[in-house]
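# Residue-level structural notes
Listed below, chain by chain, are the residues.
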Amino acid sequence: MSSATSPFLASVYVALGGGIGALARYQMGRLMTAWMGAPAMGVFPWATLAVNTIGSVAMGLLAGWLVRSTPENADQLRLLLGVGLLGGFTTFSAFSLELAMLIQREQVMIAGLYIMLSIGLGVTGMLFGLATTRLFS
């Protein structure tokens, strides 16, 4: 953290972004349940997969942009958007819980598919976001 951002202000940025990100995550789950139906959501954690993929793309875009453009308020943007908003939006802890539940229910094939899709799409999303920022710099 740069000396320009006090610890208190940094905490405010993270808390504000985190609240918005958590709310966006919750609403994504509600929207996907309304769109796909509760039975489909009970079979596979589609909302978490979507949020982790979207969050990875967004983090790649943000990280690439911050590195290439180095705005004067980069530290504040990193705290608000990267640590706060995207930290509150992406749900790796929910991923871990849902994966454990699939394993406990002995749905090993679905658990394996969930791991591969989550990691594959997340890393691909991050690479896509980073590559996209290179096109516009």
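Residues numbered from 1 in each chain as written. Predicted model: local features only at pLDDT ≥ 70, side-chain atom pairs only at ≥ 80, totals over all residues. Heavy atoms only, no water.

Under an unreviewed UniProt entry, the protein has the name Fluoride-specific ion channel FluC and belongs to Aurantiacibacter atlanticus. Quoted verbatim from the Catalytic activity (unreviewed entry) field of the UniProt record, the comment on the protein reads "fluoride(in) = fluoride(out)". UniProt's Function (unreviewed entry) comment on the protein is quoted here verbatim: "Fluoride-specific ion channel. Important for reducing fluoride concentration in the cell, thus reducing its toxicity." (UniProt positions renumbered as here; feature names shortened; annotations may be inferred.)

For the rest of this paragraph, the subject is unusual backbone geometry. The phi dihedral of Thr70 falls on the positive side, at around 35°, and the residue is not glycine. The residue Thr70 is located in the loop between helix 3 (46–69) and helix 4 (74–89) in this model. Phi angles above zero are rare outside glycine, and Glu106 is one such case at about 60°. The residue Glu106 is located in the loop between helix 5 (92–104) and helix 6 (108–135) in this model. Assessed through its relative accessible area of 70%, Glu106 is described here as exposed. (Helix = DSSP H or I, 4+ residues; strand = E, 2+ residues; numbered from the N terminus. Buried < 20%, exposed > 50% of the residue type's maximum accessible area, 1.4 Å probe, protein only.)

Looking now at the packing of helix 3 against helix 6. Between helix 3 and helix 6, the least distance of the axes is 7 Å, while the angle of their chain directions is 25°. As judged from the angle between their axes, helix 3 and helix 6 are roughly parallel. For the crossing formed where helix 3 meets helix 6, the hand is right-handed. Looking at the contact of helix 3 with helix 6 residue by residue, the classes come out as 12 nonpolar, 11 polar and two charged. (Axes fitted to C-alpha atoms, helices over the stretch in contact; angles between N-to-C directions. Parallel < 35°, antiparallel > 145°, perpendicular 65-115°, else oblique. Left-handed = near helix turned anticlockwise from the far one by under 90°. Nonpolar A, V, L, I, M, F, W, Y, C, P; charged D, E, K, R; others polar.)

The next thing to look at is the packing of helix 1 (residues 7–36) against helix 3. Two elements in contact, helix 1 and helix 3, have axes separated by 9 Å at closest approach and are oriented at 130°. It follows from the interaxial angle that helix 1 and helix 3 lie oblique. The interaxial crossing formed by helix 1 with helix 3 has right-handed handedness. Residues Arg25, Met28, Gly29, Met32 and Met36 of helix 1 lie in contact with helix 3, whose contacting residues are Trp46, Ala47, Thr48, Ala50, Val51 and Ile54. (Contact = heavy atoms within 4.5 Å.)

Let's shift gears to the UniProt feature "binding site: Na(+)" (unreviewed entry) in the protein. UniProt feature "binding site: Na(+)" (unreviewed entry): in the numbering of this structure it lies at Gly87 and Thr90. Within the secondary structure layout, Thr90 lies in the loop between helix 4 and helix 5. Beyond its immediate stretch of four places on either side in the chain, Thr90 contacts Val51, Asn52 and Gly55. A polar atom in the side chain of Thr90 sits 2.8 Å from the backbone oxygen of Leu86. (Polar contact = N/O pair within 3.5 Å; in protein donor to acceptor, adjacent residues only side chain to side chain.)

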